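Close look at the chain arrangement
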Amino acid sequence: MKKQRKKPQQKNQQVLNNEGLPETEDLTDMEDIPKNSKASAKRLMALLLKQKGALLIILLAAVVSNGLYAFTPIIMGKALDQLIQAISANGIGGGFEQLAEIVGLPLLLLAMAYLIGAAFSFLQEYTMASVGEKLALSLREKISEKITRLPLHYYDANETGEVLSRTTNDPDKIAEILKTGALQFANALCNLVFSIVIMFVLSPVMAVIIIATMSLSVFATKWISGKTLAIFYENQKVLGELNGKIEEYYTGNLIIKSFNQQEQVIKTERELSERQYQANKKSQFVIYAIYPAIRFLTQLSFVVTAIVGGIFAINGTMTIGTVQAFLQYVNQIADPITQSSYFINSMQAALASAERVFEFLDEPEEVPETSTPKQINQPDGAVALNMSALVIIPMNC
C-alpha cells in the first residue's frame, strides 16, 4: 500500500466526543488551511485573462442588460404618476382608449427593455459557460503535462485518491463556481452601479438613507466570507483523504485480508466518512445560509425607505411614482448584494480548490537527463572481478 506523508504526532491523534465520533478540528489551528489565497486568485485571474475576447463580450452584455433593467423603475414610476394625475383631473372612469393613451408608451418601453435585456443575458450566459469549460480544459492540460514530469517518489509519498482528487474534482469545482458565481457577480456589480447613480439623480437624501441601511449587509458579507475559506479547504482536503483511502483499500484488498485488518479498515473508513460528512455539511451550510441572512437585513432597508418615502410624499417633496421607484431600487440593490455575498462566499471554495491544483502544478519535477552527453572518443580502462569463495558452514541444531 501507499506510503503516508509524515505529520506531527499530535495531528494524528483523534479525540472522540461523547458519542464515540471524532471531533471536528479547530480550523484556526489547522496546518492545512490555505496558505496564500491571494496568489491563487492572481494565478486564476491570469488564466481567465487569456480569454479576453469572451470576457469583453460578457462585460458588454452585462452593461447593456443591467442598464436597461435599472431604467425600468423610472419608466414604471412615470407611468404611475401619469395615471394618478389623470385620475385626479378626470376622476375614476374612462375607457380602454384613455388608459392606453396614458400607460401605452411606458408599457411599450418596458416590453422593449425586458426583451433586449433578456437577449443580452442569454448571450452572456452562453459565453460564460464556454469560458468556464475552457478554463477547466486548460487546467486539465497543465495537469496532464505535469503528471508525466513528476518523479516516482511523489506518487509513493501521496495516495492515489488524493492525487485524483486534486486533478479531477478540484478543476471541476473551479469551473462550476465560475460559470454560475462569476456571472452573478458581474450582473450584480453592474446593477448596483446603475441603481446607485440613478438614485442619486432622483433624490440624494433618499439614496444616502438607503445606502446607509444597506451597509449592514455589506459588513455581514465581509465577516462571513472571512470565516468560510478554511471550511471549504477542509472539505476538499478531507474529500481527498477519503478518496485516497478508498483507492488504497480497494487495490490492497488481498493484503488487508491476509493480515486480518478488516475491522481496522472499516473503523478508519467510518471515521473518515464522518469527518467528510461534517466538513461537507459545514461548507454547504455557509453557502446557502448566507442568502436568507442577507435578505433579512435588506428588508430592513425596504421598511425604512417606505417610511421615509411616505413622509416625503405626504409633504409633497416627492411623487408617489418616485417613491415606488425607490422601493424597486431597494430590491434591485438587495439582490446584487445578496448575489455578491453568495459569489464571494462560494469563491472561497474555488480558491481552496485552485490552491490545491496549483500546489500540484508547483511540485518539483524530475530532472531530465542531458540531451548532449559528454562523448568519450577513446575510452581507456579495465574491469577486474575478483572472485571470492562462498563457504557455507552448517550449524548444529
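Section: the overall build of the chain
- A tally of helices and strands in the chain yields 11 helices and zero strands.
- Per-residue burial over the chain gives 38% buried out of 397 residues.
- Sequence separation of at least 24 residues holds for 90% of the intrachain contacts in the chain that already meet a minimum separation of 6.
- Surface exposure of the chain reaches about 24,500 Å², of which carbon and sulfur atoms provide 63%.

Considering unusual backbone geometry
- With phi around 55°, Asn-260 is a residue other than glycine that occupies positive phi space.
- Inspection of the secondary structure puts Asn-260 in the loop between α8 (253-258) and α9 (262-288).
- Taking relative accessible area as the criterion, Asn-260 reaches 60% and is therefore assigned exposed.

Considering the side chain of Ser-353
- In this fold, Ser-353 is placed in helix α11 (residues 320-361).
- Of note is the side chain of Ser-353, whose polar atom sits 3.4 Å from the side chain of Asp-170.

Description of the environment of Leu-242
- With respect to the helices and strands, the residue Leu-242 is situated in helix α7 (residues 204-251).
- With 28 residues separating them in the primary sequence, Leu-242 and Arg-270 have C-alpha atoms 9.8 Å apart.
- Discounting chain neighbours no more than four positions away, the residues touching Leu-242 are Glu-269, Leu-272, Ser-273 and Gln-276.

Some thoughts on the environment of Ile-256
- Tracing the backbone shows Ile-256 in helix α8.
- Using a relative accessible area of 6% as the deciding quantity, one classes Ile-256 as buried.
- With near-sequence residues (within four places) excluded, Ile-256 lies in contact with Tyr-249, Gln-261, Gln-262 and Val-265.

Here we look at the confidence of the model for the chain
- Taken as a whole, the chain shows an average pLDDT of 77; of its residues, 82% reach a score of 70 or greater.
- Confidence drops under a pLDDT of 50 for residues 1-33, and excluding neighbours within four residues, the segment shows 54 contacts in the predicted structure.

Topic: helix α6 (residues 160-202)
- For α6, built from 43 residues, the straight-helix expectation of 63 Å at 1.5 Å per residue is met to within 8% by its first-to-last C-alpha distance of 61 Å.
- Within α6, the axis deviates most sharply at Leu-178, by approximately 35°.

As for the pattern of salt bridges
- Counted under the stated rule, the structure contains 13 salt bridges.
- Two residues, Glu-159 and Lys-245, come together in a salt bridge whose shortest N-O distance is 3.8 Å. One end of the pair, Glu-159, is in the loop between α5 (152-157) and α6; the other, Lys-245, is in helix α7, and 86 residues separate them in sequence. In terms of burial, Glu-159 and Lys-245 fall into one category: buried.

The rules behind each value
- Along each chain, residues carry numbers from 1 onward, in the same order as the chain's sequence is written.
- Note on the predicted model: pLDDT of at least 70 is required for a residue's local features to be given, and 80 or more for side-chain atom pairs to be given and counted; whole-chain, interface and lining totals, by contrast, use all residues.
- Water and hydrogen atoms were dropped before computing side-chain values, which therefore reflect all heavy atoms in the structure.
- Put simply, DSSP H or I for four residues or longer makes a helix, DSSP E for two residues or longer makes a strand, and each gets a number counted from the N terminus.
- Burial here depends on accessible area, computed with a 1.4 Å probe over protein chains only, as a share of the maximum for the residue type. Under 20% is buried, over 50% is exposed, and the range in between is partly exposed.
- Contacts: residue pairs with any heavy atoms within 4.5 Å of one another.
- Residue exposure ignores everything except the shown protein chains as possible cover, and the areas themselves are Shrake-Rupley values with a 1.4 Å probe.
- In protein, a polar contact means a hydrogen-donor-capable atom and an acceptor-capable atom, both N or O and within 3.5 Å, with residues adjacent in sequence counting only if both atoms are side-chain atoms; elsewhere, any N or O pair within 3.5 Å suffices.
- Per-residue confidence from the predictor is given as pLDDT, running between 0 and 100.
- Under the convention used throughout, the expected extent of a helix is 1.5 Å for every residue step, that is, one less than its residue count.
- We define the bend at any residue as the angle between the axes fitted to the seven residues before and including it, ending there, and the seven starting there.
- Salt bridge, as used here: a side-chain nitrogen of Lys or Arg that lies within 4 Å of a carboxyl oxygen of Asp or Glu.

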